[in-house]
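Structural features, examined
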2 protein chains.
Amino acid sequence: MERKTRQRDAIRQVFEEIPRPLGPQEVLDAGREHVAGLGIATVYRTINALLDTGWLVPVELPGEPPRYERAGAAHHHHFHCRGCARVYEIPGCPGDLQELTPAGFALEGHEVVLYGRCARCAAA
Amino acid sequence: MERKTRQRDAIRQVFEEIPRPLGPQEVLDAGREHVAGLGIATVYRTINALLDTGWLVPVELPGEPPRYERAGAAHHHHFHCRGCARVYEIPGCPGDLQELTPAGFALEGHEVVLYGRCARCAAA
DNA sequence: ATAGATGCAAAGGGTTTGCACTTGA
DNA sequence: TCAAGTGCAAACCCTTTGCATCTAT
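Residues numbered from 1 in each chain as written. Chains lettered and ligands numbered in written order. Predicted model: local features only at pLDDT ≥ 70, side-chain atom pairs only at ≥ 80, totals over all residues. Heavy atoms only, no water.

**A few points about helix α1 (residues 6–17) of chain B**
All names here are of chain B. The criterion, for reference: Note on conventions: DSSP H or I runs of at least 4 residues are helices, E runs of at least 2 residues are strands, and numbering of each starts at the N terminus. Take the number of residues in a helix, subtract one, and multiply by 1.5 Å to get its expected span. Three exposure classes are used, based on accessible area relative to the maximum for each residue type with a 1.4 Å probe and protein chains only: buried under 20%, partly exposed in between, and exposed over 50%. Read the arc as the range of directions from the helix axis to the C-beta atoms. Every residue pair with non-hydrogen atoms within 4.5 Å of one another is taken to be in contact.
Compared with an ideal rise of 1.5 Å per residue, which puts twelve residues at 16 Å, α1 spans 16 Å between its outermost C-alpha atoms and is within 8% of the ideal. What α1 keeps buried is the set A10, I11, V14 and F15. Viewed end-on, α1 has its buried residues packed into an arc of 135°, placing them on one side of the element. Tucked into the core, α1 has its buried residues touching α2 (24–31), α3 (40–53), β1 (56–59) and β2 (67–70).

Written out as structure tokens, the structure is:
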């Protein structure tokens, strides 16, 4: 990430404009509104570079290709809507997961994903 | 799944012999000890057929290709060891996830994955 | 000027599919 | 017998990489 380029500006801007975890193709589509000829390889390379610098973090949901979101948010989990496939952030955390851990196992982290219908899809 | 074949018997047997979620390649390796010329395409086709019949269920962990296990176990979650990469079943469940769900959202299911070191890797 | 960055196209890795051959009923 | 099932190889999809060209500094 030594140079500032139109492509990288566009990709960073996409993550700042859209406040939910995005996949590479979504980044490409949105990024092309800023830089017409943007290529998918540049999106992948830039995402990986932004992960290295810590500006992005991966959001990996079971059975889904990875999405990415801006780093810096507090500990949170995600709600995956079965209607529109969008992913929403959830502020809370169940806690108390230590008691689920088998004896002798060292718990270092956890992931919680909720599934269902978001407000819009539940109403429809 | 109309016919009983050596290949299908071998694949079902693998899942009965090894009591943890398995990926297609693991099934192929273990299955070849029963049927020498077993092909990966047959493994995939049979896994998909066993999913359709409900004999298998997918175990999808964030950032991992899907594994499969025999259906019928009670509701449970998984512990993913960062040392040996094995996946262990955890009997408990945090519950109380409804209160994490945003207003208006309909909660239908959830997934919990714990990360850390299994007993053997924690001791090493 | 020149090394870093880009875009294209080819290469990789994992999964699915087409097709001729095999085999269970 | 003969359609379902199998194995091989090709096709696919997503991601990474090689390379010639472009561009920020």
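**Considering the protein's contact with DNA strand D**
Rules: One heavy atom within 4 Å of a molecule or strand makes the whole residue count as near it. What qualifies as a polar contact is a pair of N or O atoms within 3.5 Å, subject to a donor-acceptor requirement within protein and to the restriction that residues adjacent in sequence count only when both atoms come from side chains. Residue polarity follows a fixed list, in which Ala, Val, Leu, Ile, Met, Phe, Trp, Tyr, Cys and Pro are nonpolar, Asp, Glu, Lys and Arg are charged, and the others, Gly among them, are polar.
Around DNA strand D, the structure places 18 residues, and the nearest of them are Y44(A), E2(B), R8(B), T42(B) and R45(B). For DNA strand D, the fraction of atoms within 4 Å of the protein that belong to sugar or phosphate moieties is 69%. Side-chain polar atom of T5(B) to a phosphate oxygen of DNA strand D: 2.7 Å apart, as the coordinates give it. Here a phosphate oxygen of DNA strand D sits 2.6 Å away from a polar atom, N or O, in the side chain of R8(B). Those elements that place two or more of their residues in the surface near DNA strand D are α3 (40–53) of chain A together with α1 and α3 of chain B. For the surface near DNA strand D, the leading source of residues is α3(A), giving four residues. In the surface near DNA strand D, the residues fall into five nonpolar, six polar and seven charged.

**A word on the domain arrangement of chain A**
Residue and element names in this part refer to chain A. As a reminder of what qualifies: A domain assignment, automatic or from a database, supplies the domain bounds used here. Here the quantity called buried area is the accessible surface, traced with a 1.4 Å probe, that two parts lose on coming together, added over both. When a carboxyl oxygen of Asp or Glu lies within 4 Å of a side-chain nitrogen of Lys or Arg, that pair is called a salt bridge.
Splitting chain A by domain gives domain 1 (6–70) and domain 2 (76–123). Distance from the C-alpha centre of domain 1 to the C-alpha centre of domain 2: 23 Å. At the boundary of domain 1 with domain 2, total buried surface from both sides reaches about 750 Å², with 60% on carbon and sulfur atoms. When residues of domain 1 are sorted by the area they lose upon contact with domain 2, R20, L61 and E69 head the list and together hold 52% of the total. Where domain 1 touches domain 2, the interface holds zero salt bridges. Taken together, the links from domain 1 to domain 2 amount to one residue pair in polar contact (both at pLDDT 80 or more). Partitioning the side of domain 1 that touches domain 2 into residue classes produces four nonpolar, no polar and four charged.

**A closer look at the interface of chain B and chain A**
Facing 31 residues of chain B, the contacting portion of chain A comprises 33 residues. Around 2600 Å² of area is buried between chain B and chain A when both sides are counted, 69% of it from carbon and sulfur atoms. On the surface where chain B and chain A come into contact, there are four salt bridges. Close ionic contact of R82(B) with E108(A) constitutes a salt bridge, the shortest N to O distance being 2.8 Å. Summed over the shared surface of chain B and chain A, the number is ten residue pairs in polar contact (both at pLDDT 80 or more). If one sorts the elements of the side of chain B that touches chain A by residue count, strand β5 (residues 106–117) of chain B sits on top with twelve residues. Grouping the amino acids of the side of chain B that touches chain A by side-chain chemistry returns 19 nonpolar, seven polar and five charged.

**Quick word on the relation of the copies chain B and chain A**
Test applied: Least-squares fitting of one copy onto the other uses the C-alpha atoms of those residues that reach a pLDDT of at least 70 in both copies.
For the pair chain B and chain A, the superposition axis carries a translation of 0.0 Å, the fit reaches an RMSD of 0.2 Å, and the rotation angle comes to 179°. Read as a symmetry element, the transformation amounts to a two-fold axis. Of the interface residues in chain B, 100% have counterparts in chain A that sit at the interface too, so the contact is made through matching surfaces.

**Focus on the packing of aromatic side chains**
Applicable threshold: In summary, the pairing rule links any two rings of Phe, Tyr or Trp, Trp by its six-membered ring, whose centres are within 6.5 Å, and it sorts them by plane angle into stacked for under 30 degrees, edge-to-face for over 60 and tilted for everything else.
Scanning the model with the defined rule gives six aromatic pairs over all chains in all. Measuring from centroid to centroid gives 4.9 Å for F79(A) and F105(B), while their planes differ by 75°, and the two rings are edge-to-face. Of the two residues, F79(A) is situated in strand β3 (residues 77–81) and F105(B) in the loop between β4 (87–90) and β5; the pairing between them involves two chains. An identical accessibility class is assigned to F79(A) and F105(B); each is buried. With a centroid separation of 6.5 Å and 80° between ring planes, the pair formed by F15(B) and W55(B) is classed as edge-to-face. Of the two residues, F15(B) is situated in helix α1 and W55(B) in the loop between α3 and β1; the sequence distance between them amounts to 40 residues.

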